[in-house]
Amino acid sequence: MTPPTPLRRPPILALLLASTVLLAVIVACGGGGADSESERRFLSLGTAPPGGAFFVVGGALAEVLNDFGPEGWEVTAEATKGSKENIRRLERGEIDLALSNAAITYFAVRGQGWEKPYPMRALMTLAPNVALFIAPRSSGVSSIGDLAGRRVVVGPAGAGFEDFLKPLLAAHGVAFEDFSPLNATQAGAVDLLADGAAAAAFLGGAIPTASVTQAATSQDIVFVPFDPEAVASLTRDYAFFEPATIPAGTYRGLDQDYAGLNVGSMHLITSAAIPDDLAYQVTKILWDNREAVAARHPAGRAINPRVAIDDTGTEFHPGAVRFYEEIGIWPGAGSETAAEPAAAEQP
């Protein structure tokens, strides 16, 4: 009888090779345990052109997300043309977060004046966007009616300022076609006023706004007043308009409180497509470190229980809602704070 053939053990080298291949497959498939949690995450936050508050506030938010976010996060504040570009780039996945004017987002999510509805979601409402017309005293412009027939800076091309400027002007009896609109950044607008190329400019953002500070410091300017009856009709007819006072002394030459207008609060938005956990993380980091944001720009003081959840007409991302529910400030969450009106506070 022929004895059975003994089993052959695989060579040690083959075993080692097989183990190496298996380990490589596990790592490639994300099975790296703790190492996979420290993967680098690159986030881009769209702001606006230099000279306005969006650019500075966006930089402050990005710094705080970098400083207090998980290890491996790299968040970059990116200068853009403003709200409209930010919304389109969010939808295309070119940026992850953005600042926007609440009035512009309001129309974008509904597709009103846009080629289609854009699925944007809010993470938090920030400071009021307090805007106004300023003019060199030498221009002779002292009311909004005086803009007719003049050259007026209305913001960067493609930024979407028309969404709130047209109804604002109409309430004062002025049509967009009654003057010559000029497109420029806020910093560029100050230069156009200085050299006489423009008779007035529409500027603003969170208070104080760098461009208005620069113009008031370098020129003798007029803070063109709004008509009280026009403001009353605007706040009645549009949810995103709100009265907002600029305190005396905020800018050189502003000797009395100015009855201004919030033309759509600044808010932090993202696409509806981003994961809930990422929206939750971003919201939590900024909330927990709101003092660090405020240390970089006064607009950070708007990250508070009343303003952050202010409904400006854009649906909040479920990830942000989950965080606000956890800390008890979301309406219906059962806290006293949640029952308070979400009014826009002055930063």
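Conventions and cut-offs
- Residues numbered from 1 in each chain as written.
- Predicted model: local features only at pLDDT ≥ 70, side-chain atom pairs only at ≥ 80, totals over all residues.
- Heavy atoms only, no water.
- Pairing = 2+ DSSP bridges.
- Helix = DSSP H or I, 4+ residues; strand = E, 2+ residues; numbered from the N terminus.
- Axes fitted to C-alpha atoms, helices over the stretch in contact; angles between N-to-C directions.
- Phe/Tyr/Trp six-rings, centres within 6.5 Å; stacked < 30°, edge-to-face > 60°.
- Lys NZ or Arg CZ within 6 Å of the ring centre and 35° of its normal.
- Core = buried A, V, L, I, M, F, W, Y, C linked by side-chain atoms within 4.5 Å.
- Buried < 20%, exposed > 50% of the residue type's maximum accessible area, 1.4 Å probe, protein only.
- Contact = heavy atoms within 4.5 Å.
- Salt bridge = Lys/Arg side-chain N within 4 Å of Asp/Glu carboxyl O.

(A) Representation of the sheet that holds strand β4 (residues 120-125). Taking strand neighbours across the sheet as the criterion, the 5 strands line up as β2-β1-β3-β12-β4 in an open arrangement whose pairing is mixed. Edge positions in the sheet fall to β2 (73-78) and β4, since each has one partner strand and no second. The mean angle between the axes of side-by-side strands here comes to 30°, regardless of whether they run parallel or antiparallel. When strand β3 (residues 97-101) meets strand β12 (residues 266-271), the two strands line up antiparallel, connected through 4 bridges.

(B) Here's a closer look at the packing of aromatic side chains. For the coordinates displayed, the defined rule picks out 19 aromatic pairs. Here the aromatic cluster, defined as three or more aromatic residues joined through ring pairs, consists of Y280, W287, F316, F323, Y324 and W330. Between R110 and the ring centre of Y106, over which it is positioned, the NZ or CZ distance is 3.7 Å. The ring of Y118 carries the charged tip of K116 above its face, separated from the ring centre by 5.3 Å.

(C) The nonpolar core, seen in detail. F133, F164, L168 and F223 are the most contacted members of the largest nonpolar core, which totals 63 residues. In terms of residue count, strand β5 (residues 130-136) provides more of this core than any other element does, 6 residues in total. The residues touching F164, leaving out its near neighbours within four places in the chain, are N101, A103, I104, F202, F240, F241 and V263. I303, A308, F316 and Y324 belong to the second largest nonpolar core, which has 45 residues in total.

(D) Layout of the pattern of salt bridges. Tallied over the entire structure, the rule returns 13 salt bridges. The shortest N-O distance in the salt bridge between R88 and E115 comes to 3.1 Å. Of this pair, R88 sits in helix α4 (residues 83-92) while E115 sits in the loop between α5 (102-110) and β4, placing them 27 residues apart in sequence. By relative accessible area, E115 is classed as exposed at 52%. Among the ionic pairs, E94 bridges to R89, the shortest N-O distance being 3.1 Å. Ionic contacts of the salt-bridge type, sharing partners, join the residues E78, E85, R89, R92 and E94 into one network.

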